[in-house]
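What follows is each chain in one-letter form.
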Amino acid sequence: MKPLAIVTGVGPGTGAAVARRFAEAGYRVAMLARTAERLSDLEAELEDSLAVPCDVSDPVALTAAVTDLIARFGAPKAVIHNAVGGAFGTFQDIDPQVLDTNFQVNVMALLHLARLTTPAMIEAGGGSLIVTGNTSALRGKASFAGFAPTKAAQRILAEAIARDVGPKGVHVAYLVIDAVIDVPWTRERFKDAPDDYFIAPNDIAGEVFHLSQQPKSAWSFLAEVRPYRETW
């Protein structure tokens, strides 16, 4: 039976690229996103993949989806939390409810996902939980008040999970993406930017996969990727 990879936040950019990368490596990929329409073409493209419409901010829906996957296919070998909620604005400008919603997607969904999957991975002898983050997890810019607090909390939660389940055989890693991801809406927003200003979703997916395959003697927790011309 193919190993199972569960990927949340499967959209046209990083999520789809991650799904393709694991499928190419022989995984059965369960792809979670809020709408079935977003997943249908990718499900048809990737052999043995599964479209799983699910709002990860809804713990009941997330629990039902993941529990069903484990019952059908066994413990996942890799879990990638790529779903993200974001908003721009200062602390005075943002709608507090938006911040709460982003917290549910970025932090609470990670908590539920880890609680649902890591016990099965431990029992099966190991696995990996990879979280895609960004620079907002490390700093709080004024205009990111609706987003950065949730990503910082996400990073700390991931570290707490790593310290708990790592010695039990489950590798948890947090990937900071310090770049503008190359998707249609960012190309429209940064029309004059050169190609090497952007980070390619396929290259992010490659690093996610690499982290999931690290040997136990050399696990990373915090990893960062950025285009070669990006200033540090």
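Residues numbered from 1 in each chain as written. Predicted model: local features only at pLDDT ≥ 70, side-chain atom pairs only at ≥ 80, totals over all residues. Heavy atoms only, no water.

(A) Focus on the side chain of Ser212. Along the chain, the position of Ser212 falls in helix H7 (residues 201-212). At 2.6 Å, the side chain of Ser212 forms a polar contact with the backbone oxygen of Phe209. The contacts of Ser212, once residues within four sequence positions are left out, are Phe22, Ser128 and Ile130. (Helix = DSSP H or I, 4+ residues; strand = E, 2+ residues; numbered from the N terminus. Polar contact = N/O pair within 3.5 Å; in protein donor to acceptor, adjacent residues only side chain to side chain. Contact = heavy atoms within 4.5 Å.)

(B) Looking closely at helix H5 (residues 148-165). With 18 residues, H5 should cover 26 Å at 1.5 Å per step; its first-to-last C-alpha distance of 26 Å lies within 8% of that length. Of the positions making up H5, those classed as buried are Ala148, Thr150, Lys151, Gln154, Arg155, Leu157, Ala158, Ile161, Ala162 and Val165. Each element contacted by the buried residues of H5 is listed here: strand E4 (76-81), helix H4 (96-124), strand E5 (127-134), strand E6 (170-177) and strand E9 (222-225). (Expected span 1.5 Å × (residues − 1). Buried < 20%, exposed > 50% of the residue type's maximum accessible area, 1.4 Å probe, protein only.)

(C) Expanded view of the environment of Asn134. Its location among the elements puts Asn134 in strand E5. On the accessibility criterion, Asn134 (18% relative accessible area) is buried. Sequence-wise, Asn134 and Val176 are 42 residues apart; in three dimensions their C-alpha atoms are separated by 4.2 Å. Excluding its chain neighbours within four sequence positions, the residues that come into contact with Asn134 are Phe147, Lys151, Tyr174, Leu175, Val176 and Ile177. Within the structure, Asn134 has its side chain in polar contact with the backbone nitrogen of Ser136 (distance 3.0 Å).

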